[in-house]
Amino acid sequence: DGSQLCIANNAEKLAEHLKITGGKVVTRFPPEPNGYLHIGHAKAMFVDFGFAERYSGDCYLRFDDTNPEAEKQEYIDHIQDIVAWLGYKPWKVTYSSDYFTELYNFAIQLIRSGNAYVDHQTAEEIKAYREERRPSPWRDRPVEESLQLFEDMRRGLIDEGKATLRMRMDPKNANYNMFDLIAYRIKFTPHPHAGRDWCIYPSYDYTHCLVDALENITHSLCTLEFESRRASYYWLLHVLDTYKPVVWEYGRLNITHNVLSKRKLNRLVTDGYVDGWDDPRLLTLAGLRRRGVTPQAIKELCQEIGITRNDSEIHLHKLDHHIRTDLDATSPRALAVLDPLRLVLTNLPADHLQTFDAKVFPGRTEETYPVTLTRVVYVAAEDFREVDSKGYFALAPQKECMLKYAGIVRCTGFEKSGGKVTEVHAEFRLLEKGEKPPKGVLSWVGQPMAGQEPTMFEARLYDVLFKTSSVADTGDEWLQDLNPNSLTLKTGAISTPRITQAAPGSRFQLERLGYFCVDPDTRIGKLVLNRTCTMKETNLA
Ligand code: ATP
Ligand code: MG
Ligand code: MG
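Keep in mind it's a predicted model, so treat the numbers as computed, not measured.

**Concerning the overall build of the chain**
- Looking only at helices and strands, one finds 14 helices and 27 strands in the chain.
- Over its C-alpha atoms the chain spans a radius of gyration of 31 Å, topping by over 25% the 24 Å that the globule rule assigns to 541 residues.
- Each of the three principal axes of the chain carries a C-alpha extent, and together these read 100 × 50 × 40 Å.
- Taking all 541 residues of the chain together, the buried fraction comes to 40%.
- Put simply, 71% of the contacts in the chain that link residues at least 6 apart link residues at least 24 apart.

Next up, the structure:
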């Protein structure tokens, strides 16, 4: 389409560029501050920061802030916070709006050279005309007229929607994005960064390439949907005769059983389908952080999928795999029970208190933490059955099981009330020297002191946010795919005391139950743990 011809820099522009960069690689990560970042943006950062790092270059964090009505300081603050959380250090933090004056001057230059005109078509007219490849009636108006009207636009003398500045490109081009894209529109909206200085705002297409050139970006890396805009990118830099970066496109990341577009995320948050941008069921980076996922696991996933020119839909299992691998190596273990059932060790005295050493990293280090055995302990309700059966290894009448790290219990009976087992009775003994332990090993929690109940905590267990692997895309249909059981609360869970002291963000493996992270909702007297992931992969559609 001819755009390739424009890519090469002339000797003078290149010399200027090299003088500024010293030949260094310069990239940018350019989020629009119109929402929280998601795991797709982590891939973009992996590419943008990673490429610069690999060649000892610099990467800007640039807020691409040209739509003031959608953008907020809250998002700007959050993005800086989450970029730092991932461990990336921007060379500089900039805003497209920092360049509004330069961009405005470029616009005047464009009008003067006959490459832009003020148009009065409505948005609908522009759309209809573009589809029919019909030029706007204002396309050939005199330069002086456009200059005056553009000045009037800037001064706030023209109403919103009554005029735009359009680039005078190539209506005959097969590429739709070469047909007179909008450069400026009127918006009487204050800007989160530029304040109230402007009532005309440049479009993405106009801004992005020019700021890339102004910042001397060497490699402008972006996702594939921008490929068809490459021609307009170079068209503008060509007519303004600026330095030209190299544009490379890579595939977008999508993950099954969830959505990533900010528009959809915004809908889920605003309409209360989830509990805020950092809801642990979302694949926002804030949600993943709150859930207990580490930056390392996210980067390992990016590394594994690599940088290709295909949009990829990655199965959620892949992300979970990296989460488990990382957490397995770093999360200290603890014993906990989500649905406690009282187990009375009838052969022990009421004031019995015996300490055992539980392993912090079983099979890996010798480090231990103490667990206390009392006459009353708790096991998981699902670890008792009134009737034993083949292939079932947990507790049943007359059966023996191990209380992990402690000894053997032999079930001697149980009590029921209202059809529910309320208490199980057993006798406790230590494993004999050389004795083969029973197959069933139970997680359990003793009382901190005889007669004193263990501290309860709230466990938040998450399932996939969407029932379907590829979420529907049309209209509001995707909302039908939401999983109504994506959150299960266990409000009466108990654990060994080491967890109850932990600060928000602390991570543990609760043996057999999965990896957990202390939630920021935690208060004195109310501990909340999020399950980051289960111990093993569960079947998903
Ligand atoms: P969304 O459609 O999710 O709102 P966006 O592209 O509008 O995403 P931006 O804030 O403009 O979001 O994106 C900043 C950078 O991150 C861009 O370079 C964009 O291409 C990239 N990016 C956004 N989503 C993904 C994704 N799913 N995979 C890879 N890169 C992405
Ligand atoms: Mg965008
Ligand atoms: Mg978007």
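Now, onward.
**A word on the nonpolar core**
- Counting 127 residues, the largest nonpolar core has A107, A336, V337, Y378, V379 and W444 as the members making the most contacts within it.
- Looking at this core element by element, the count peaks at eight residues for helix α3 (residues 39-54).
- In this structure W444 touches L335, V337, V377, Y378, V379, L403 and K404, once residues within four positions along its chain are discounted.

**Some remarks on the site of ligand 1**
- If you check the shell around ligand 1, you find 15 residues, and the closest are P31, G40, A44, T223 and K262.
- Broken down by secondary-structure element, the contributors of at least two residues to the shell around ligand 1 are α3 and β8 (219-223).
- In terms of residues, the shell around ligand 1 owes the most to one element, α3, which gives four residues.

**So, the sheet that holds strand β12 (residues 333-334)**
- In spatial order, the strands read β12-β25-β26-β27-β23-β24-β13; together these seven strands make up an open sheet with mixed pairing. Looking at which strands have only one partner, the edges of the open sheet turn out to be β12 and β13 (336-337).
- Pairing of strand β23 (residues 456-462) with strand β24 (residues 487-495), which is carried by six bridges, proceeds in the antiparallel orientation. Bridge pairing links A459 to K490 in β24.
- Contacts from helix α13 (residues 316-330) reach β25 (507-510), β26 (514-518) and β27 (527-533) within the one sheet, and its direction differs from that of β27 by about 120°.

**Observations regarding the sheet that holds strand β22 (residues 444-446)**
- Across the sheet, seven strands lie side by side as β21-β18-β19-β20-β14-β17-β22; this open sheet has mixed pairing. Strands with a single pairing partner mark the edges of an open sheet, and in this sheet they are β21 (441-442) and β22.
- With five bridges connecting them, strand β14 (residues 340-345) and strand β17 (residues 376-380) associate as antiparallel partners. Counted as the bridge partner of L343 is V377 from β17.

**Here we look at the confidence of the model for the chain**
- Averaged over every residue, the pLDDT of the chain is 95; residues scoring 70 or more account for 99%.
- For this predicted complex, the interface confidence reaches an ipTM of 0.96, while the overall pTM sits at 0.94.

**Re the packing of helix α8 (residues 204-214) against helix α9 (residues 230-239)**
- Taken N-terminus to C-terminus, the directions of α8 and α9 make an angle of 60°; their axes are 9 Å apart at the nearest point. What the angle tells us is that α8 and α9 run oblique. For the pair α8 and α9, the crossing hand works out as right-handed. Residues D205, Y206, C209, L210 and A213 of α8 form the contact with α9, whose participating residues are S232, Y233, L236 and L237.

**Quick look at the pairing of β8**
- Taken across its five residues, β8 has four buried, putting it largely inside the fold.
- Note that β8 and strand β9 (residues 246-250) share five bridges and pair parallel. By the bridge assignment, T223 is partnered in β9 with Y250.
- Regarding the hand of the β-α-β motif, the stretch spanning β8, α9 and β9 is right-handed.

**Quick notes on the pairing of strand β1 (residues 26-29)**
- Neither face of β1 is left uncovered, since the one carrying V26 and R28 and the one carrying T27 and F29 both have all their residues buried.
- The sheet contact formed by β1 and strand β2 (residues 58-63) spans four bridges and is parallel. Across the sheet, residue F29 finds its bridge partner in β2, namely L61.
- Running through α3, the crossover from β1 to the neighbouring parallel element β2 is right-handed.

**Some words on the packing of helix α5 (residues 100-112) against helix α7 (residues 143-154)**
- Orientation of α5 relative to α7, taken along the N-to-C sense of each, is 160°, at an axis distance of 9 Å. Taken together, the axes of α5 and α7 are roughly antiparallel relative to one another. Note on packing geometry: the crossing formed by α5 with α7 is right-handed. Within the contact between the two elements, α5 uses A107, I108, I111 and R112 and α7 uses V143, S146, L147 and F150.
- Of the residues assigned to the contact of α5 with α7, the class counts are six nonpolar, one polar and one charged.

**Focus: the domain arrangement of the chain**
- As far as domains go, the chain holds domain 1 (4-250), domain 2 (262-332 + 458-533) and domain 3 (340-448).
- Distance between the C-alpha centres of domain 1 and domain 3: 65 Å.

**A closer look at helix α4 (residues 73-85)**
- End to end, α4 covers 18 Å across 13 residues, agreeing with the expected 18 Å (1.5 Å per residue, within 8%).
- Buried residues of α4: Y75, H78, I79, I82 and V83, and no others. Here the buried residues of α4 occupy an arc of 130° about the axis, which is enough to place them on one side. Exposed side chains of α4 directed beyond 90 degrees from the buried face belong to Q73, D77 and A84.
- Buried residues along α4 sit against α3, β2 and α11 (285-291).
- At the exit of α4 stands G87, carrying a positive phi of roughly 95°.

**Considerations on unusual backbone geometry**
- Its identity as a non-glycine residue notwithstanding, D180 has a phi of 45°, on the positive side.
- Relative to the helices and strands, D180 resides in the loop between β5 (164-167) and β6 (182-186).
- Take D180: there are 22 C-beta atoms within 10 Å of it, and that puts it in the buried class.
- One non-glycine residue, N216, adopts positive backbone phi at about 55°.
- Relative to the assigned elements, N216 resides in the loop between α8 and β8.

Rules used throughout
- Residues numbered from 1 in each chain as written.
- Chains lettered and ligands numbered in written order.
- Predicted model: local features only at pLDDT ≥ 70, side-chain atom pairs only at ≥ 80, totals over all residues.
- Helix = DSSP H or I, 4+ residues; strand = E, 2+ residues; numbered from the N terminus.
- Rg over C-alpha atoms; globule rule 2.2 N^0.38 Å.
- Buried ≥ 20, exposed ≤ 12 C-beta atoms within 10 Å, placed from the backbone.
- Contact = placed C-beta atoms within 7 Å.
- Core = buried A, V, L, I, M, F, W, Y, C linked by C-beta atoms within 7 Å.
- Near = placed C-beta within 6 Å.
- Pairing = 2+ DSSP bridges.
- Axes fitted to C-alpha atoms, helices over the stretch in contact; angles between N-to-C directions.
- pLDDT = per-residue confidence, 0-100.
- Parallel < 35°, antiparallel > 145°, perpendicular 65-115°, else oblique.
- Left-handed = near helix turned anticlockwise from the far one by under 90°.
- Right-handed = clockwise from strand over helix to strand, strands pointing away.
- Nonpolar A, V, L, I, M, F, W, Y, C, P; charged D, E, K, R; others polar.
- Domains from an automatic or database assignment.
- Expected span 1.5 Å × (residues − 1).
- Arc of directions from axis to C-beta.

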